[in-house]
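Observations on the three-dimensional arrangement
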Amino acid sequence: MKNEFPFTKRAIESIAPTDKRVRYKDSGSNLSIPGLMLRVYSSGKKAFYYRKFYKGKYNEVYLGDFPILTVENARNLAREAALQIAQGIDPNEKPEEEEILTFDQLFEAYCVDFEADIAAKKRRASSLDASKRNYRIHIQPSLGKSDAMSFTSAKARKFMAGLKSKNSYAIHNHCLSLLKSMFTRADIQNPFSNLKKIDDSGMARDRYLNREEVNKLFEAIQFEDQIYQDVIFVLLFTGQRKMCVLSMEWREINWDNRSWTIPTSKMKAKKPHTLPLVDEVMAILERRFHERNTESPFVFPSERSRSGHISEKTSKGGFWRRVITRAGLYDENADKNLRVHDLRRTLASWTVQQGGSIQVASDMLGHGDISVTDRAYAHLNVDHVRGSVEQAVNAMFGEQTLLTPLEQAMHRASVLSNEDKQRLLEFIQTELDQGYAIE
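Overview of the structure. (Residues numbered from 1 in each chain as written. Predicted model: local features only at pLDDT ≥ 70, side-chain atom pairs only at ≥ 80, totals over all residues. Heavy atoms only, no water.)

**With respect to the pairing of strand S2 (residues 22-26)**
Here S2 shows a buried face lined by Val22, Tyr24 and Asp26 and an unburied face lined by Arg23 and Lys25. In this structure, strand S1 (residues 4-5) lies alongside S2, joined through 2 bridges in parallel fashion. Counterpart to Glu4 in the pairing with S2 is Lys25. Pairing of S2 with strand S3 (residues 36-40) involves 4 bridges; the strand directions are antiparallel. Paired with Arg23 across the two strands is Arg39, which belongs to S3. (Buried < 20%, exposed > 50% of the residue type's maximum accessible area, 1.4 Å probe, protein only. Helix = DSSP H or I, 4+ residues; strand = E, 2+ residues; numbered from the N terminus. Pairing = 2+ DSSP bridges.)

**Considering the nonpolar core**
Membership of the largest hydrophobic core comes to 39 residues, with the highest contact counts inside it found for Val231, Ile232, Trp260, Leu285, Phe300, Trp320 and Leu343. Within the residue set of this core, elements represented by two or more residues are helix H7 (211-221), helix H8 (226-238), helix H9 (242-246), strand S7 (259-262), helix H10 (279-291) and helix H11 (319-326). With 7 residues, the top contributor of residues to this core is H8. Counting 24 residues, the second-largest nonpolar core is a separate cluster that includes Phe103, Leu143, Phe159 and Leu178. (Core = buried A, V, L, I, M, F, W, Y, C linked by side-chain atoms within 4.5 Å.)

**Let's talk about unusual backbone geometry**
Between Phe66 and the following residue, Pro67, the backbone shows a cis peptide bond with an omega angle of 10°. Mapping Pro67 onto the fold places it in the loop between strand S5 (57-66) and helix H2 (71-86). Positive phi is not limited to glycine here, since Asp187 has a value of about 60°. Mapped onto the elements of the fold, Asp187 is located in the loop between helix H6 (169-186) and H7. Looking at Asp187, the relative accessible area reads 69%, which means it is exposed. Even without a glycine there, the phi angle at Arg258 is positive, about 55°. You can see Arg258 is positioned in the loop between strand S6 (253-254) and S7.

**Thoughts on the packing of aromatic side chains**
Applying the stated criterion across every chain yields a total of 18 aromatic pairs. Considering the side-chain rings of Phe103 and Phe151, the 5.0 Å spacing of their centres and the 80° angle between planes classify their relative orientation as edge-to-face. Within this pair, whereas Phe103 is found in helix H3 (residues 103-119), its partner Phe151 is found in the loop between helix H4 (125-143) and helix H5 (153-166), the two being separated by 48 residues in sequence. Phe151 sits in the buried class, given a relative accessible area of 12%. Among the aromatic residues, those joined into a ring-pair cluster are Phe5, Phe7, Tyr24, Phe48 and Phe66. A cation sits over an aromatic face here: Arg39 above Tyr49, 4.5 Å from the ring centre. (Phe/Tyr/Trp six-rings, centres within 6.5 Å; stacked < 30°, edge-to-face > 60°. Lys NZ or Arg CZ within 6 Å of the ring centre and 35° of its normal.)

**What about the environment of Trp250?**
Along the chain, Trp250 falls in the loop between H9 and S6. Counting along the chain gives 35 residues from Trp250 to Leu285, while the straight-line C-alpha distance between them is 8.9 Å. In contact with Trp250, not counting residues within four places along its chain, are Trp255, Leu285, Arg288, Phe289, Arg292, Ser296, Pro297, Phe298 and Val299. (Contact = heavy atoms within 4.5 Å.)

**Quick word on the packing of H4 against H6**
Direction vectors running N to C along H4 and H6 enclose 105°, while the axes themselves pass 10 Å from each other. The pairing of H4 with H6 is recorded here as roughly perpendicular in orientation. Residues Ser131, Asn134, Tyr135, His138 and Ile139 of H4 form the contact with H6, whose own contacting residues are Ile171, His174, Cys175, Leu178, Leu179 and Met182. Split by residue class, the contact of H4 with H6 holds 7 nonpolar, 4 polar and no charged. (Axes fitted to C-alpha atoms, helices over the stretch in contact; angles between N-to-C directions. Parallel < 35°, antiparallel > 145°, perpendicular 65-115°, else oblique. Nonpolar A, V, L, I, M, F, W, Y, C, P; charged D, E, K, R; others polar.)

**A look at the pattern of salt bridges**
All chains considered together, the criterion is met by 18 salt bridges. Note that Lys25 is salt-bridged to Glu4, the shortest N-O span being 3.8 Å. Residue Lys25 is located in strand S2, and its partner Glu4 is located in strand S1; the two are separated by 21 residues in the primary sequence. The residue Lys266 makes a salt bridge to Glu252 at a minimum N-O spacing of 2.6 Å. Here the residue Lys266 occupies a position in the loop between S7 and strand S8 (273-276), and Glu252 occupies one in the loop between H9 and S6, the gap between them amounting to 14 residues. (Salt bridge = Lys/Arg side-chain N within 4 Å of Asp/Glu carboxyl O.)

**Concerning the sheet that holds S7**
Ordered in space as S6-S7-S8, the 3 strands form an open sheet in which the pairing is antiparallel. Each of the sheet's edge strands pairs with one partner strand only, and the pair in question is S6 and S8. As defined by bridge partners, S6 adjoins S7 across 2 bridges and the pair is classed as antiparallel. Bridge pairing in S7 links Ile253 to Trp260.

**Points about the side chain of Glu252**
A residue is classified by how much of its surface remains accessible, and Glu252, at 6% relative accessible area, is buried. Within polar-contact distance, the side chain of Glu252 engages the side chain of Trp260 at 2.9 Å. Setting aside anything within four residues of it in sequence, one finds Glu252 in contact with Ser247, Ser259, Trp260, Thr261, Pro263 and Lys266. (Polar contact = N/O pair within 3.5 Å; in protein donor to acceptor, adjacent residues only side chain to side chain.)

**A look at the packing of H5 against H6**
In the contact formed by H5 and H6, the axes pass within 8 Å of each other and the chain directions differ by 150°. With respect to H6, the element H5 is oriented roughly antiparallel. Of the two possible hands of crossing, H5 and H6 adopt the one that is right-handed. Where H5 approaches H6, its residues Phe159, Met160, Leu163 and Lys164 are matched on the opposing element by Tyr169, His172, Cys175, Leu176 and Leu179. (Left-handed = near helix turned anticlockwise from the far one by under 90°.)

And the structure:
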């Protein structure tokens, strides 16, 4: 067979291999492509190539093996190779892979930037810890290796919808804020920018301790080591967040005016917060200061903790779980279970119930916006206002009240909670028993 002939399937199939490699050219037909070559090996392998003089030498572009690659497809690939060479592109040079920016890389850059903010006292280390936890658990398994640069708004909506269907609204909102911040800090197009947080104001937790539960907690605390007793009492009597109390430092205490200034780096509101300390807290601090046997800067030090102060994971072996279990306040149902943060809510609730205003509670809690406090404790403020209004109405009536003492008592009892009604019933029963005893 001649080395030049119009390539057809039958013609190529008829070529028998020899003991050396032979090259054939597609030629002699109006379908033939100049430069399309067939190489037949001694092994019987037959391969298509495109051969073209390029940049001072012949350049061969491998197209594929016959018969997997048909003659027609080989000619199409040869045309494409010819076009590339005409455009100054070498078909043999592999195009450089576009660098992609994965979500993992984006989060790593976010952490580096955040750590700089922590060093500058602009952000809290605990906030970064929370972000790492949310990313590791809720974001990384699905998006970690995905290309952030090509991530679309549609994909963002789909991911957040899936996250909401499997988790609480709070987790959804935390993860959305984190993802938005990751893209914003990287200064790239943000596919999450138009998504909004879920309004969970109507689902805010309002769990706090009543009188009976407070007594149970006090009894249960007595069986713990002194450091754990102290930290729980400081949590309850200051109303501050767990990490602020656990990481309390001696330098933050002003002994002269009996106050505690929590620095910006530890505050959620991103500004320092100074609060007065009651006698019970001052007594704990004074005792701990005089009994300390370490140079640690922390009020509640720990040699086993990397942070240098005690920590509480609320796990089965933690002191908090032991205390609430002993007090009968632990419940597998997370909504009923007593959390450390409920101590903060307890002090604020009792403050309002004892006549304090929402503004006082807001100042004590260190909320940056009083509307946050107002939403959380609105139900308590209503009761406080009702009591004040009733006092005003009674004052206006003076001795001319339209209601008998019994009717007034019945009216006041009607607005009490079921728990308070039970306590009132026990009080009345005690009064009656005492009356019978006198008679």
